[in-house]
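# What the coordinates show
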Amino acid sequence: MSTMGNEASYPAEMCSQFNRDEIKRLGKRFKKLDLDSSGALSVDEFMSVPELQKNPLVQRVIEVFDTDGNGEVNFEEFIIGTSQFSVKGDEEKKLRFAFSIYDMDKDGYISNGELFQVLQMMVGDNLKDWKLQQLVDKTIITLDRDGDGKISFEEFRAAVGGLEVHKQLVAAV
């Protein structure tokens, strides 16, 4: 991206969470990750970060950052995605981000199948599928207040809001 050094060219939503120095630091981090200098980060480039290699949900995080769905994360998507982890980022945004990790088809609900897939990424082979399915079924029954068989954002927030998940989702910039 040739305009990376020109803060005036950043969209307003990019600047809402970060000041110019923070955006410059993120720009340097982005350029370091962008190994082929294409102006976008591929899954492999994200995986060059040792901490991310150990994270079973890194693929889902990349998919959530990649708002245009082209399989890569450009600088704007990187800034907007990272802003959700900003210390200044609000609780609602962080909970929405966490929710979107599970809402794989982006329909506004976490279905039984989606919860199963994401939890399977997290537990790997440590739990047999039938045992994991029992856990998923139990979780859906517990969180699904309106009985529609899936978890809405409001139901998700009611369940995890008190856990202060938003305080765990913080990145130093």
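A quick note: this is a predicted structure, and the numbers were derived from the prediction, not measured.

### Structural notes on the overall build of the protein
For the protein, the helix and strand inventory stands at 11 helices and four strands. Across the 173 residues in the protein, those meeting the buried criterion constitute 39%. Accessible surface, the protein as shown: approximately 10,000 Å² in total, 53% of it carbon and sulfur.

### A short note on helix H7 (residues 91-102)
For H7, which comprises 12 residues, the first-to-last C-alpha distance of 17 Å matches the rise-based estimate of 16 Å (1.5 Å per residue) to within 8%. The set of residues buried in H7 consists of Lys94, Leu95, Phe97, Ala98, Phe99, Ile101 and Tyr102.

### Brief notes about the packing of aromatic side chains
Per the counting criterion, the structure on display carries six aromatic pairs. Aromatic side chains Phe99 and Phe153 sit 5.5 Å apart centroid to centroid with 90° between the ring planes, which places their arrangement in the edge-to-face category. Remark: Phe153 occurs in helix H10 (residues 153-160) and Phe99 occurs in helix H7; sequence separation between them is 54 residues. For Phe153, a relative accessible area of 3% puts it in the buried group.

### Observations regarding the nonpolar core
Counting residues in hydrophobic clusters, the biggest one holds 37 residues, and the most contacted among them are Phe78, Ile101, Tyr102 and Phe156. Of all the secondary structure elements, the ones that give two or more residues to this core are helix H2 (20-33), helix H5 (58-65), helix H6 (75-83), H7, helix H8 (112-123), helix H9 (129-143) and H10. A per-element tally of this core places H7 first, with six residues. Both of domain 1 (15-84) and domain 2 (91-167) provide at least three residues apiece to this core. Ignoring sequence-local partners within four residues, the contact set of Phe156 consists of Leu95, Ala98, Phe99, Tyr102, Ile110, Ile151 and Gly161.

### Digging into the side chain of Glu114
Position of Glu114 relative to the elements: it lies in helix H8. Among buried Asp, Glu, Lys and Arg side chains, Glu114 stands out as unpaired, with Arg60 the closest opposite charge at 7.1 Å. In this structure the side chain of Glu114 is engaged in a polar contact, spanning 2.8 Å, whose partner is the backbone nitrogen of Ser111. Those residues in contact with Glu114, other than ones at most four positions away along the chain, are Tyr102, Asp103, Met104, Asp105 and Tyr109.

### Quick word on the UniProt feature "domain: EF-hand" (unreviewed entry) in the protein
Per the UniProt entry, the sites bearing "domain: EF-hand" (unreviewed entry) are residues 21-56, 58-88, 90-125 and 131-166 in this numbering. Measuring from the first to the last C-alpha atom of residues 21-56 gives 31 Å, for a span that is 58% helix and 6% strand. Between the C-alpha atoms that bound residues 90-125 the distance is 35 Å, and the span itself is 67% helix and 6% strand.

### Comments concerning a positive patch on the surface
Together, Arg25, Lys28, Arg29 and Lys32 give the surface a local cluster of positive charge. With respect to the element layout, Lys32 can be found in helix H2. Using a relative accessible area of 68% as the deciding quantity, one classes Lys32 as exposed.

### Focus: the pattern of salt bridges
It is possible for side chains bearing opposite charge to pair when their charged atoms get close. This structure, assessed with the given rule, holds three salt bridges. Across the salt bridge formed by Glu63 and Arg60, the nearest N and O atoms sit 2.4 Å from each other. With Glu63 and Arg60 both in helix H5, this residue pair falls three residues apart, about one helical turn. According to the relative accessible area criterion, Glu63 is partly exposed, its value standing at 33%. When its relative accessible area of 5% is taken as the criterion, Arg60 is described as buried. Of the charged contacts in the structure, one is a salt bridge between Arg96 and Glu92, with a shortest N-O distance of 3.2 Å. On the criterion of helical spacing, the pair formed by Arg96 and Glu92 is a turn pair, its members being four residues apart in helix H7. Judged by relative accessible area, Glu92 falls into the partly exposed class, the value being 29%. Via salt bridges that share partners, Glu92, Arg96 and Arg157 belong to a single interconnected network.

Definitions and limits used
Counting of residues starts from 1 at the beginning of each chain's written sequence and follows it residue by residue. Local features in this predicted model are restricted to residues whose pLDDT is 70 or higher, and side-chain atom pairs enter the listing and the counts only when it is 80 or higher, whereas totals over whole chains, interfaces and linings include all residues. Hydrogen atoms and water are omitted, and side-chain values are computed over all heavy atoms in the structure. In this text, helices come from DSSP runs of H or I with a minimum length of four residues, and strands from runs of E with a minimum of two, each type numbered from the N-terminal end. Only protein chains enter the area calculation, which uses a 1.4 Å probe; residues under 20% of their type maximum are buried, those over 50% are exposed, and those in between are partly exposed. All accessibility values rest on the Shrake-Rupley procedure with a 1.4 Å probe; residue burial counts only the protein chains present in the view. Expected span of a helix, by definition, is 1.5 Å for each gap between consecutive residues, and there is one gap fewer than residues. Any two rings among Phe, Tyr and Trp, with Trp reduced to its six-membered ring, count as a pair given centres within 6.5 Å; such a pair is stacked if its planes are under 30 degrees apart, edge-to-face if over 60, and tilted if neither. Here, nonpolar core refers to any group of buried Ala, Val, Leu, Ile, Met, Phe, Trp, Tyr and Cys residues whose side-chain atoms link them within 4.5 Å. Where a domain begins and ends is set by an automatic assignment or by a domain database. We call two residues in contact whenever any of their non-hydrogen atoms come within 4.5 Å of each other. Note on charges: Lys and Arg go in the positive column, Asp and Glu in the negative column, and His and the chain ends are not counted at all. The term salt bridge refers to a side-chain nitrogen of Lys or Arg lying within 4 Å of a carboxyl oxygen of Asp or Glu. Residues adjacent in sequence count toward polar contacts only when both atoms are side-chain atoms; beyond that, a polar contact is any pair of N or O atoms within 3.5 Å, and within protein one must be able to donate a hydrogen and the other to accept it. UniProt positions are given in the numbering used here, feature names are shortened, and annotations may be inferred rather than shown by experiment. Nonpolar side chains (Val, Leu, Ile, Met, Phe, Trp, Tyr) are joined into patches within 5 Å and like charges within 9 Å, using only residues with over 30% relative accessible area and no salt bridge. Working definition for charges: the position is that of NZ of Lys, CZ of Arg, CG of Asp or CD of Glu.

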